[in-house]
Amino acid sequence: MGKQVEEAPRKKICVGLLAHVDAGKTTLSEAMLYQAGALKKLGRVDHGNACLDTHELERSRGITIFSSGAAMRWGELDATLVDTPGHVDFSTETERTLQVLDYAVMVIAGPDGVQAHTVTLWELLRQYHVPTFLFVNKTDLPGPGEEAIMEDIRKNLSANCVSFSQPVEGIYEEAATAEETALEEYLERETLSRDTLCRLVKEQTLFPCFFGAALKLQGVEALLNGLEMLTRPASFGEGFGAKVYKISRDPQGVRLTWMKVTGGTLQVRSPVSYTLPDGEKVEEKAKELRLYQGDRYIQSEQAEPGTIVAVAGLSKTRPGQGLGLEPDGITPKLEPVMTFGLELPQGVDPARMMPKLQELCEEDPQLSIVWDQRLQQIQARLMGTVQCEVLKSVIMQRFGVEVRIGTGRILYKETIKAPTEGVGHYEPLRHYAEVHVLLEPLPRGSGLEFGVSCKEDQLDRNWQRLILCHLMEKTHRGVLTGSPVTDLRITLISGRAHVKHTEGGDFRQATYRAVRQGLMGAESVLLEPCYQLRLTVPLAQVGRAMQDLQTMGAKTEQTQVGDTALFTGTVPVSGLGDYAAQVASYTHGQGRLFCRPGGYVVCKEAQQVIEAMDYDPEADLENTPDSVFCAHGAGFHVKWNQVSQYMHLPALLAPKPQPRAERPRADREDLELEKIMEREFGPIKRPVYTPPRVRSSPITAPAPAARTEYLLVDGYNIIFAWPELKELAREDLEEARNRLMDILSNYCGFSHREVVLIFDGYRVKGNRGERFLYHNLLVIYTKENETADAYIEALALSIGRNERVYVATSDNLVRLSAFRSGILRVSAQELQAQVEACKKDMQAYLKKQSAEDRYKEQQARNQTWSRMLKDLKLP
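Residues numbered from 1 in each chain as written. Predicted model: local features only at pLDDT ≥ 70, side-chain atom pairs only at ≥ 80, totals over all residues. Heavy atoms only, no water.

Draft legend 1. A look at the pattern of salt bridges. For the coordinates displayed, the defined rule picks out 37 salt bridges. Put simply, Glu 203 and Arg 199 hold a salt bridge, and the shortest N to O gap is 3.2 Å. When its relative accessible area of 44% is taken as the criterion, Glu 203 is described as partly exposed. Exposure remark for Arg 199: the relative accessible area of 18% places this residue in the buried category. Of the charged contacts in the structure, one is a salt bridge between Glu 362 and Arg 255, with a shortest N-O distance of 3.1 Å. On the criterion of sequence distance, the pair formed by Glu 362 in helix α10 (residues 350–363) and Arg 255 in strand β9 (residues 255–263) is long-range, its members being 107 residues apart. Residue Arg 255 is classed as buried on the basis of its relative accessible area of 11%. Several salt bridges share partner residues, and in doing so they unite Arg 249, Arg 255, Glu 359, Glu 362, Glu 363 and Arg 398 into one network. (Salt bridge = Lys/Arg side-chain N within 4 Å of Asp/Glu carboxyl O. Buried < 20%, exposed > 50% of the residue type's maximum accessible area, 1.4 Å probe, protein only. Helix = DSSP H or I, 4+ residues; strand = E, 2+ residues; numbered from the N terminus.)

Draft legend 2. The arrangement of the packing of α10 against helix α11 (residues 385–399) in detail. Taken N-terminus to C-terminus, the directions of α10 and α11 make an angle of 120°; their axes are 12 Å apart at the nearest point. The angle between α10 and α11 falls in the class oblique. Along this stretch, α10 crosses α11, giving a crossing that reads as right-handed. Of α11, the residues touching α10 (which contributes Met 353, Lys 356, Leu 357, Glu 359, Leu 360 and Glu 363) are Leu 391, Val 394, Ile 395, Arg 398 and Phe 399. Considered class by class, the residues forming the contact of α10 with α11 number seven nonpolar, no polar and four charged. (Axes fitted to C-alpha atoms, helices over the stretch in contact; angles between N-to-C directions. Parallel < 35°, antiparallel > 145°, perpendicular 65-115°, else oblique. Left-handed = near helix turned anticlockwise from the far one by under 90°. Contact = heavy atoms within 4.5 Å. Nonpolar A, V, L, I, M, F, W, Y, C, P; charged D, E, K, R; others polar.)

Draft legend 3. Quick peek at unusual backbone geometry. Even without glycine at this site, Lys 138 takes up a positive phi of about 60°. Here Lys 138 lies in the loop between β5 (132–137) and α5 (146–156). Here Lys 138 falls in the partly exposed class, since its relative accessible area comes to 27%.

Draft legend 4. Highlighting the packing of aromatic side chains. Counting across every chain of the model gives 13 aromatic pairs. Ring centres of Phe 759 and Tyr 781 lie 5.2 Å apart, and the angle between their planes is 25°; on these two criteria the pair is classed as stacked. Of this pair, Phe 759 sits in strand β35 (residues 754–759) while Tyr 781 is found in strand β37 (residues 777–781), placing the two residues 22 residues apart along the sequence. Tyr 781 carries the same exposure label as Phe 759, and that label is buried. An aromatic cluster is present here, built from Tyr 716, Phe 759, Phe 772 and Tyr 781 joined pairwise through their rings. (Phe/Tyr/Trp six-rings, centres within 6.5 Å; stacked < 30°, edge-to-face > 60°.)

Draft legend 5. Examining the side chain of Glu 185 more closely. Its place among the elements puts Glu 185 in helix α7 (residues 180–189). We classify Glu 185 as buried; its relative accessible area is 14%. In this structure, Glu 185 is in contact with Glu 190, Thr 191, Leu 192, Ser 193 and Thr 196, ignoring residues within four places of it in sequence.

Draft legend 6. Region of the structure containing the environment of Arg 592. As for its position among the elements, Arg 592 is in strand β31 (residues 592–602). Arg 592 sits in the partly exposed class, given a relative accessible area of 37%. In sequence terms Arg 592 and Pro 538 are 54 residues apart; their C-alpha atoms lie 9.9 Å from each other. In contact with Arg 592, other than residues within four places in its own chain, are Asp 112, Arg 534, Leu 535, Thr 536 and Val 583.

Draft legend 7. Fine view of the sheet that holds strand β17 (residues 322–324). An order of β14-β13-β16-β9-β8-β17 is seen for the six strands of this open sheet, with the pairing classed as antiparallel. Two strands close off the open sheet at either side, each with one partner strand: β14 (296–300) and β17. Sheet twist, expressed as the average angle between the axes of neighbouring strands with direction ignored, equals 40°. In the packing of α10 onto the sheet, contacts are made with β8 (241–249) and β9, and the angle to β8 comes to roughly 140°. (Pairing = 2+ DSSP bridges.)

Draft legend 8. Just helix α21 (residues 733–751), in detail. Relative to the 27 Å expected for 19 residues at 1.5 Å per residue, α21 spans 27 Å between its end C-alpha atoms, a close match to the ideal helical length. Those residues of α21 that fall on the buried side of the exposure criterion are Ala 736, Arg 737, Leu 740, Met 741, Ile 743, Leu 744, Ser 745, Tyr 747, Cys 748, Phe 750 and Ser 751. Among the residues of α21, the N-terminal cap falls to Asp 732, whose side-chain oxygen and the backbone nitrogen of Glu 734 are separated by 3.1 Å. (Expected span 1.5 Å × (residues − 1). Polar contact = N/O pair within 3.5 Å; in protein donor to acceptor, adjacent residues only side chain to side chain.)

Draft legend 9. Region of interest: the nonpolar core. Counting 54 residues, the largest nonpolar core has Leu 357, Leu 360, Ile 369, Ile 395, Leu 535 and Tyr 579 as its most contacted members. For Leu 360, the residues in contact, after removing those within four places along its chain, are Leu 367, Ile 369, Leu 391, Val 394, Ile 395, Arg 398 and Phe 399. Residues Leu 28, Trp 74, Leu 81 and Tyr 186 belong to the second largest nonpolar core, which totals 44 residues. (Core = buried A, V, L, I, M, F, W, Y, C linked by side-chain atoms within 4.5 Å.)

Draft legend 10. Molecular detail of the side chain of Ser 827. Relative to the elements of secondary structure, Ser 827 occurs in the loop between β39 (824–826) and α24 (828–848). Excluding anything up to four places from it in sequence, Ser 827 contacts Thr 809 and Ser 810.

Draft legend 11. Fine view of the environment of Val 220. Position of Val 220 relative to the elements: it lies in helix α9 (residues 220–229). The class for Val 220 is buried, based on a relative accessible area of 0%. For the pair Val 220 and Tyr 34, spaced 186 residues apart in the sequence, the C-alpha separation amounts to 10.0 Å. Those residues within four positions of Val 220 in sequence are excluded, and the remaining contacts are Leu 28, Ala 31, Met 32, Gln 35 and Ala 214.

Draft legend 12. View of the pairing of strand β12 (residues 281–285). Only one face of β12 is covered, namely the face carrying Val 282 and Glu 284; the face carrying Lys 281, Glu 283 and Lys 285 is uncovered. Between strand β11 (residues 271–275) and β12, which pair antiparallel one after the other, the connecting turn spans five residues, and Gly 279 there sits at a positive phi close to 95°.

Draft legend 13. Quick peek at the confidence of the model for the chain. Across the chain, pLDDT averages 83, with 85% of residues at or above 70. For the chain, per-element mean pLDDT is lowest for helix α23 (residues 812–820), which scores 49, and highest for strand β7 (residues 207–211), which scores 97. Across residues 684–705 the pLDDT falls below 50, and counting only partners more than four positions away or on other chains, this stretch makes 42 contacts in the model. In the predicted structure, residues 815–821 sits below a pLDDT of 50 and forms 21 contacts with residues beyond four places in sequence or in another chain. (pLDDT = per-residue confidence, 0-100.)

Draft legend 14. Region of the structure containing the sheet that holds β37. The strand order across the open sheet built from six strands is β36-β37-β35-β34-β38-β39, with neighbouring strands paired in mixed fashion. Both outer strands of the open sheet, β36 (770–774) and β39, are each paired with one neighbouring strand and no more. Neighbouring strand axes in the sheet, compared pairwise and without regard to direction, differ in orientation by 25° on average. Bridge analysis of β35 against β37 gives four bridges, and the strand direction is parallel. Across the sheet, the residue bridging to Leu 757 is Val 779, located in β37. Along the sheet, α21 contacts β34 (709–714), β35, β36 and β37; its crossing angle with β35, the most-contacted strand, is approximately 165°.

Draft legend 15. Spatial organisation of the packing of helix α6 (residues 168–176) against α7. Relative to each other, α6 and α7 sit at 140°, their axes nearing to 8 Å. In terms of axis orientation, α6 runs oblique to α7. Contacts between α6 and α7 involve Glu 169, Tyr 172, Glu 173 and Ala 176 on the former and, on the latter, Ala 182, Leu 183 and Tyr 186. Partitioning the contact of α6 with α7 into residue classes produces five nonpolar, no polar and two charged.

Draft legend 16. Local environment of the pairing of strand β3 (residues 77–83). Of all the seven residues making up β3, seven are buried; the element is thus mostly covered by neighbouring parts of the structure. Across the two faces of β3 the burial is the same, with Leu 77, Ala 79, Leu 81 and Asp 83 and Asp 78, Thr 80 and Val 82 all buried. In the sheet, strand β1 (residues 11–19) pairs with β3 via seven bridges, with the strands oriented parallel. For Cys 14, the partnering residue across the bridge sits in β3 and is Thr 80.

Structure, rendered in structure tokens:
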């Protein structure tokens, strides 16, 4: 009996195809499946029989609307091919798919080159860390040529894109320049190993480019060989995990959860556990496992790691969700910038229609279909007119209702200028909850962030978690136009519950009201969406284009490319309108306009927009800023601007006075902390520390203070707050400590302050602590189990009764305890500024002072420190 030969292990990966519209992406997927033997007949998009265009709308329109997949085998490769939408209106569907891809193929139409949407998809691939191949399609049509195309790709996408259609020697040479290790290997061997090339691709250091014409099967085999040779198998864990990327329903209405298994094995009828956004734990059975090949599927008993599977039986899953050991995915970057009203036919009840429309929101969360109470209309967020038409068709096919979609409105957003505190109190009879939140502005494009900075002895952890869930579950509306808020950090800073009367719903009400009350008291800013545009026009129409762009409020740069002018920049969505059609008209089809989402900017015509929308925040009962208190056995309403007079917990962020000019940031922090501590612990004993002012008088040596000034420095806090020392500490912490001691020794000698430098020895086993003089500087290492914070507080209390004491740290807890004791604080940045100013003064002063005077002064100070070590009772 002959020896049985074991089959080589298969390499299992998931590959997605991405492209701008009409680049031939679906045609390429059809060609790859046909070339690999997964299809017996080659379909075509224009014939309406492409394998991965599974929906009737896709076949009738000739575009991909929904992502779909099919399996294929090529050599040692087992690949699931996922075709994604190319039209910009369905970009969110594409982005959700990226979370389950091991590799991607970016398709570029050779005659068109790199388009604006190509750049958007490329940036998304980099953000999701997906290794990428490129396929330049339609090379059988007239175009700029391979060399010019590669130059365009390298300029707009990455300099590490390498053509793999050239001789192998050229491939090795260009690939070697992508990384130093690869270059060393090439210089030594004049070649690169397969492992090196695979690693460069996996690390997104190398992007292989292939050329061909998918419709004629040209270059397809080379691409398949490249995928086989230059990819690595995905790694999977032993425990079950899966990432959900899509929700859909089959023609019978069965809800399907599309996922990629990332670990373990999913068995049919096995339980699947996951957590809802509100923290609820859910466990459901996987009733059916479907492996799809286009619009056809087979049922399977199990799904192994790396498999794309559609699961029936899960009722509350959502795109981006992690199951089992797999964490949740990141929030999608792309979002619609327009809202449209859905007008129902006569006799159709909106209350009955809304639950049906919510099914569509499960499949595409970015739709955000809601009932607008103020407008008495159903609103949906859409990317553009094509998606509008598709939504109408889907509603008609699935629910038999013909809706009319009105004119789109721009989706504005709101943020605030400065931090503010919001208070919400909800206390009808036998209910109780009070919530304080801190609202802080974030940089543009940050979105919403949530956090907790509340002690558990004040509010139990379970209530804190519940409040955090309520903060995240709601779309918080601004007070200018009722638009969603963004670029905010919302932090729970205080709260109170009642042992007997508090229920979960009480904190929901208090949380919503707290955010709203904070927004009412803040200075709000209206934001409008903008596009990043790329406009090409003949030179003869440059004047018209410049005038149009200026009228629209665009910010652009102009360059000349051959006999055409190229404008790139940003333009407000409100000003763009149907300008693409106008460009085609006045350039007689020779000009082209490409746009992609460019985030949000401050609205220039804010007052006009606010007046036009005529929004009354106090009349919006679903987002009320008012609170409910209880007295004499009955609840009563309190207006948002009077809540501070009734609230049960003290405010942690005192209202700011209206100064004539903007105070420096350090001053603002001092005033806020001072007011907090005065309210909690009584009047401050000494004036608040203020940063040193620039001297206008000639430079002279500063005179010693009448009272001894002590500066207590938290050593490690300062080291890791000053960039120079932080960088030094990464290489040698001891050198960073010595450098800080030198800096403070010089500062101590010139400022006439007694400086004590404290280092934390809390975790050093057997450490008994240490004190020593470093020139004129007292250096202290705390003993084991004694933190620098505790030591500083104790030392400040010891000497602060009779002397003036400053504490240099950026630790908020130390700063607050310092204020409580009447001690003044100096932030790390302020101390650095003082040291730099002192250094300049010192240099000027030393030019005037003799060497003998300096020696005498140093001796006197050393004697002072010797006496202090004997007399001072250090903790």
